[in-house]
Amino acid sequence: MVLPLSAAARPEIPAPPPAALPPLTASTLDTAYAANRANAAEAARMAAAHGDTHRAAADRAMAARSRHLLHFDGRGQGQAIEAFGDLAHTDHIAVLIPGSDTSLDTYDRFRTEATALQRELNRADTRTAAGTTVIAWLGYKTPDTISATVTTTGRADEAAPRLREFIRRLHGIADRHATVSLLCHSYGSVVCARAATGLDVTDLVLLGSPGTGADTAAALHTRARVWAARGTDDWVAQVPHIRTDFFGTTVGFGTDPMSPSFGASVFAAGDGGHSDYYDPGSVSVANLARIVLGETSEVTRA
């Protein structure tokens, strides 16, 4: 297996440390949103003074009054966790976990996916007043697509405890009856797999997954329904599904989650490519909405 070369390192972008927040509860959400917006505004000023106009613009957009940031860290690649919907009063929560090359500099792409799913959920969910909430969880340092890091579980191992802790806190914010679904794209599916054991979620969805590091869905040790989908034009289908030792490091993620031997519920994702799972009007986004809403009998199978 040939490993790609690491991408060139980018100079560190100055930013303040994350805002000090009270414990997240339904009653402290507005305080957290305001503090994180203020932190993003300060990060924008510091990035502009550093001469990084692109990052300054990205941070400035985060500071808009309409943004509901549960977490913001403008340092380095940056991290952000953003809610779309009324998190304190909701029936269903979808948490999107991104894959490689996702950072504050590319966050708009990730945010577009989250808002597309939210629109689909709002269109499909006509039965409840509380509705749904989508959360874009950029809570870890994603690997570069062109790097050796993307072929190992290292970044996922670092991210998994953070994701577990976030899901635990999420249940303390939302109504106790709210369901939580994890929608895990590409390398994000490795993150979800590392966090899966005992995680209090209803569904775990693997989208365009290169593998999870587990041989079967049962090996994830989760009570959640495990789903998998891949668009017919997704290049990840060409990734070798192997796991081997390479100079003391385990490389690759093993069994294809789309294979019958893995044991996931495989659903239709249409003819889209690797970045098309949330495209408005697509088979994929319609099925994702059905999964999040618990309408599993309506999910179209591959």
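Residues numbered from 1 in each chain as written. Predicted model: local features only at pLDDT ≥ 70, side-chain atom pairs only at ≥ 80, totals over all residues. Heavy atoms only, no water.

A. Looking closely at helix α1 (residues 29–50). With 22 residues, α1 extends 31 Å from end C-alpha to end C-alpha; this agrees with the ideal 32 Å at 1.5 Å per step. Of all the positions in α1, only Leu-29, Ala-32, Tyr-33, Asn-36, Arg-37, Asn-39, Ala-40, Ala-43, Ala-44 and Ala-47 are classed as buried. Axial view of α1: buried residues confined to an arc of 165°, hence all on one face. For α1, exposure combined with an orientation more than 90 degrees from the buried face picks out Asp-30, Arg-45 and Ala-49. Check the buried side of α1 and you find it contacts α2 (53–62), β1 (69–73), β2 (79–84) and α4 (154–173). Gly-51 lies just past α1 and shows a positive phi near 90°. (Helix = DSSP H or I, 4+ residues; strand = E, 2+ residues; numbered from the N terminus. Expected span 1.5 Å × (residues − 1). Buried < 20%, exposed > 50% of the residue type's maximum accessible area, 1.4 Å probe, protein only. Arc of directions from axis to C-beta. Contact = heavy atoms within 4.5 Å.)

B. How the structure looks around the pattern of salt bridges. The tally for this structure, following the rule as stated, stands at 11 salt bridges. A salt bridge links Glu-82 to Arg-111; its shortest N-O distance comes to 3.3 Å. Of the two residues, Glu-82 is situated in strand β2 and Arg-111 in helix α3 (residues 107–124); the sequence distance between them amounts to 29 residues. Judged by relative accessible area, which is 1%, Glu-82 ranks as buried. Arg-230 is the partner of Asp-256 in a salt bridge, and the nearest nitrogen-oxygen pair spans 3.1 Å. (Salt bridge = Lys/Arg side-chain N within 4 Å of Asp/Glu carboxyl O.)

C. Local environment of α2. Along α2, the residues that are buried comprise Arg-55, Ala-56, Ala-58, Asp-59 and Met-62. Mapping the buried residues of α2 onto a view down its axis gives an arc of 165°, with all of them on the same face. Where α2 is buried, its residues contact α1, β1, β2 and α3.

D. Looking closely at the side chain of Thr-90. Positionally, Thr-90 belongs in the loop between β2 and β3 (92–97). For Thr-90, the side chain forms a polar contact with the main-chain oxygen of His-92, separated by 3.3 Å. At 3.3 Å, the side chain of Thr-90 forms a polar contact with the side chain of Thr-133. (Polar contact = N/O pair within 3.5 Å; in protein donor to acceptor, adjacent residues only side chain to side chain.)

E. Representation of the packing of α1 against α2 within the structure. In the contact formed by α1 and α2, the axes pass within 8 Å of each other and the chain directions differ by 165°. As far as their axial angle goes, α2 and α1 are roughly antiparallel. In the crossing of α1 with α2, the sense of the turn from one axis to the other is left-handed. Facing α1, whose interface residues are Arg-37, Ala-40, Ala-43, Ala-44, Ala-47 and Ala-48, α2 presents Arg-55, Ala-56, Asp-59, Arg-60 and Met-62. Residue composition of the contact of α1 with α2, grouped by class: seven nonpolar, no polar and four charged. (Axes fitted to C-alpha atoms, helices over the stretch in contact; angles between N-to-C directions. Parallel < 35°, antiparallel > 145°, perpendicular 65-115°, else oblique. Left-handed = near helix turned anticlockwise from the far one by under 90°. Nonpolar A, V, L, I, M, F, W, Y, C, P; charged D, E, K, R; others polar.)

F. Structural detail: the state of the cysteines. Taken as a whole, this structure holds one disulfide when the rule is applied. The residue that forms a disulfide with Cys-184 is Cys-192, at a sulfur-sulfur distance of 2.1 Å. With the S-S dihedral at roughly -95°, the linkage between Cys-184 and Cys-192 falls on the left-handed side. By the burial criterion, Cys-184 is buried, and Cys-192 matches it. (Disulfide = S-S within 2.5 Å.)

G. Seen up close, the packing of aromatic side chains. Under the criterion given, the structure shown has four aromatic pairs. Measuring from centroid to centroid gives 6.1 Å for Trp-137 and Tyr-140, while their planes differ by 20°, and the two rings are stacked. The exposure class assigned to Trp-137 is buried, which follows from its relative accessible area of 1%. Look at Trp-227 and Phe-267: their rings are 6.1 Å apart centre to centre, the planes differ by 75°, and that puts the pair in the edge-to-face class. Here Trp-227, found in strand β7 (residues 225–229), pairs with Phe-267, found in the loop between β10 (265–266) and α6 (283–292); they are 40 residues apart in sequence, far enough to count as distant. Each member of the pair, Trp-227 as well as Phe-267, carries the same accessibility label: buried. (Phe/Tyr/Trp six-rings, centres within 6.5 Å; stacked < 30°, edge-to-face > 60°.)

H. Highlighting the environment of His-185. Residue placement: His-185 occurs in strand β5 (residues 179–185). By relative accessible area, which is 11% here, His-185 ends up buried. Sequence separation between His-185 and Ala-302 is 117 residues, and the spatial gap between their C-alpha atoms is 18 Å. Look past the residues within four positions of His-185 in its chain and what remains in contact with it is Ile-97, Pro-98, Gly-99, Leu-207, His-274 and Tyr-277.

I. Region of interest: the sheet that holds β1. Within the open sheet, the eight strands sit side by side as β1-β2-β4-β3-β5-β6-β7-β10. Their pairing is mixed. Single-partner strands in this sheet number two, and they are β1 and β10. Note: β3 against β5, six bridges, orientation parallel. Bridge pairing links Ile-97 to Cys-184 in β5. (Pairing = 2+ DSSP bridges.)

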